[in-house]
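Each chain, written out:
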Amino acid sequence: MRKLSWFWCAGFVPINVCVPMRAAFAMFAAVIVASIALLFATACSRPPRSEARTEHRDAISNAEGLAKIEHIVFIIKENRSFDTYFGTFPGADGAMTGRTSKGEVVPLTRTPDKMPFDLGHSWGDAVKAIDVSKMDGFDLVVNGDVDGSMLPYTQMRESDIPNYFAYARNFVLADHMFSSLRGPSFPNHLYTVAAQSGGVINNPQPPKEMWGCDADPDELVDIMDSKGEISKDPPCFDLPTLADRLEAAHVSWKYYAPTRGQVGYIWSALDAIKHIRNGPLWTSKVAPDAQFAEDARNGRLPAVSWLVTGENSEHPPFSSCEGENWSVEQLNAVMESPDWASTAVFITWDDFGGFYDHVAPPPVDKFGLGPRVPLLIISPYVRKGKVSHTQYEFSSLLSFVEKRFYLAPLTERDQKANDMLDSFDFTQPPSPPLVLKTHSCPRFTRTWWYLTHWNAHPTRFGLDKIQPAH
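Residues numbered from 1 in each chain as written. Predicted model: local features only at pLDDT ≥ 70, side-chain atom pairs only at ≥ 80, totals over all residues. Heavy atoms only, no water.

(A) Representation of the packing of aromatic side chains within the structure. This structure, assessed with the given rule, holds 26 aromatic pairs. A connected cluster of aromatic rings, assembled from ring pairs, spans Phe-74, Trp-253, Tyr-255, Trp-306, Phe-346, Tyr-381, Phe-400, Phe-424 and Phe-426. (Phe/Tyr/Trp six-rings, centres within 6.5 Å; stacked < 30°, edge-to-face > 60°.)

(B) The arrangement of the nonpolar core in detail. Counting 106 residues, the largest nonpolar core has Phe-86, Tyr-167, Leu-246, Tyr-255, Trp-306, Phe-346 and Ile-378 as its most contacted members. Ranked by size, the runner-up nonpolar core spans eleven residues in total, among them Val-106, Leu-108, Tyr-153 and Tyr-356. (Core = buried A, V, L, I, M, F, W, Y, C linked by side-chain atoms within 4.5 Å. Buried < 20%, exposed > 50% of the residue type's maximum accessible area, 1.4 Å probe, protein only.)

(C) Fine view of the pairing of strand β3 (residues 71-77). Summarising burial for β3: seven of the seven residues are buried, a large majority. Burial along β3 is two-sided: the face carrying His-71, Val-73, Ile-75 and Lys-77 and the face carrying Ile-72, Phe-74 and Ile-76 are both buried. As paired strands, β3 and strand β14 (residues 343-349) are joined by seven bridges and run parallel to one another. Bridge pairing in β14 places Lys-77 opposite Trp-349. (Helix = DSSP H or I, 4+ residues; strand = E, 2+ residues; numbered from the N terminus. Pairing = 2+ DSSP bridges.)

(D) How the structure looks around the sheet that holds strand β8 (residues 172-174). On the basis of which strands lie adjacent, the open sheet formed by eight strands has the order β12-β11-β13-β3-β14-β15-β8-β16 and mixed pairing. For this open sheet the edge positions go to β12 (286-288) and β16 (386-388), each flanked by a neighbour on one side alone. Going from strand to strand, the sheet's axes swing by 20° on average, the running direction of each strand aside. Relative to strand β13 (residues 304-307), strand β11 (residues 253-257) runs parallel, the two being bridged by four bridges. The residue bridging Lys-254 from the neighbouring strand is Ser-305, located in β13. Sitting on the sheet, helix α11 (residues 320-335) touches β3, β13, β14 and β15 (375-378), and the angle it makes with β3 is about 175°. (Axes fitted to C-alpha atoms, helices over the stretch in contact; angles between N-to-C directions. Contact = heavy atoms within 4.5 Å.)

(E) Structural view of the state of the cysteines. Summed over all chains, the structure comprises two disulfides. Shown here is the disulfide that connects Cys-213 with Cys-236, its sulfur atoms set 2.0 Å apart. Disulfide Cys-213-Cys-236: torsion about the S-S bond near 85°, hence right-handed. Residue Cys-213 is found in the loop between α6 (185-194) and β9 (221-224), and its partner Cys-236 is found in the loop between β10 (230-233) and α7 (242-248); the two are separated by 23 residues along the sequence. (Disulfide = S-S within 2.5 Å.)

(F) Looking closely at the packing of α6 against helix α12 (residues 394-405). Running from N to C, α6 and α12 cross one another at 15°; their axes reach a closest spacing of 7 Å. Taken together, the axes of α6 and α12 lie roughly parallel to each other. For the element pair α6 and α12, the recorded crossing hand is right-handed. Across the interface between the two elements, Asn-188, Tyr-191, Thr-192, Val-193 and Ala-194 from α6 touch Phe-394, Ser-395 and Leu-398 from α12. Looking at side-chain class alone, the contact of α6 with α12 contains five nonpolar, three polar and no charged residues. (Parallel < 35°, antiparallel > 145°, perpendicular 65-115°, else oblique. Left-handed = near helix turned anticlockwise from the far one by under 90°. Nonpolar A, V, L, I, M, F, W, Y, C, P; charged D, E, K, R; others polar.)

(G) Structural context of α11. Look at α11: 22 Å from first C-alpha to last across 16 residues, which is about the 22 Å you get at 1.5 Å a residue. Here α11 lies mainly inside the structure; 14 of its 16 residues are buried. Where α11 begins, the side chain of Ser-319 points an oxygen toward the backbone nitrogen of Cys-321, at a separation of 3.2 Å. (Expected span 1.5 Å × (residues − 1). Polar contact = N/O pair within 3.5 Å; in protein donor to acceptor, adjacent residues only side chain to side chain.)

Here it is in structure tokens:
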């Protein structure tokens with residue numbers, strides 16, 4: 001009988017069913033290599049676990065998460081570029097120097113709380129300032145260089161607007177929010193309700209206390225057609241608006257603004273929409289701006305609100321500090337209301353106001369985009385402390401509402417605009433309210449400027465002519 005030899009394998013087995021030790025190790029190594037290759041291929045064929053979790057979380061946010069927002073508020077203030085307010089904010093795409101038309105790089109000095117005069121910010125001023133994309137023509141705007149003082153090249157510090165910085169740190173600051181049009185208030189306010197300006201590129205002229213359908217017969221506005229030709233027409237239009245979409249869908253809304261005869265009535269955008277100004281919606285859905293805080297505090301806000309104001313708008317030559325205090329009062333009313341947990345507030349500024357900004361606006365059509373403006377997104381569900389670098393414009397505000405209430409877009413602008421949902425995380429625990437205190441404001445900054453520039457002769461135009469600062 002043949003003697004059996006035993007080898008170490010996967011146990012003790014006869015040699016005729018086993019393999020030599022060296023071959024066994026080779027087979028074992030091959031199995032290990034194949035397993036590693038299979039794992040690597042599997043890993044490469046699908047996103048990393050953290051990325052998959054993010055995609056899943058975003059899917060929740062974009063679907064049932066958005067339903068947590070029942071109240072959307074747009075607060076639209078006036079005439080500040082991103083760099084002039086948040087150019088020093090940590091982590092933001094800001095600047096503390098600017099380039100002039102002479103090629104000089106100058107520091108951005110301190111902006112007076114009450115500007116001594118307004119800066120040019122018309123269509124023509126914006127085109128000069130942007131200078132194709134060089135962003136070096138801000139000294140060429142009207143009043144851009146008065147008595148050697150280049151007020152476009154100035155900015156606020158955190159100590160000047162501490163509460164805006166506090167909101168930015170605790171909620172979301174967007175540093176690539178652009179005005180919708182290279183130009184001033186009137187056309188940009190139209191974008192906040194219609195995602196277009198109807199071709200309007202400037203404010204109505206001559207400057208008066210009323211725009212829109214209330215304008216005097218001699219008050220006309222520049223309108224640019226598809227060929228780039230400019231005509232002058234009355235500033236009263238029949239554009240479809242987000243308010244119309246909301247009304248048709250039975251979604252509640254209200255537009256809070258100064259009333260006729262008050263400072264700031266010119267920024268009541270729906271006054272330029274003929275079928276609203278001359279119809280029943282004007283008396284039922286357009287309310288005084290002073291009513292907003294009361295409605296908010298008592299839980300009476302509609303699903304969508306717009307809010308503009310007058311002397312607290314921060315439009316030069318009005319005070320930034322007083323305007324910030326007003327904003328705090330409105331936001332405190334929202335945060336102390338029973339609706340805070342279901343509210344999203346977007347506070348932005350309507351145009352660059354002639355102030356320097358270093359980021360060239362991307363061209364999307366013949367009207368815009370215009371220079372950057374600040375945007376604060378405030379809600380229990382925003383990503384705390386995030387600085388969003390996503391490109392937004394005023395049509396993004398409308399896109400957010402359209403996503404929330406399943407509304408069709410108004411124009412190609414809101415159809416293509418980023419909807420700002422990337423600044424939200426609806427899976428996080430809701431953030432508590434941030435109730436802030438107002439602060440004292442500096443005095444005589446306007447007077448001091450003139451005392452130190454006694455030979456200055458700025459051009460008076462726009463708000464300076466119809467409502468001198470006091």
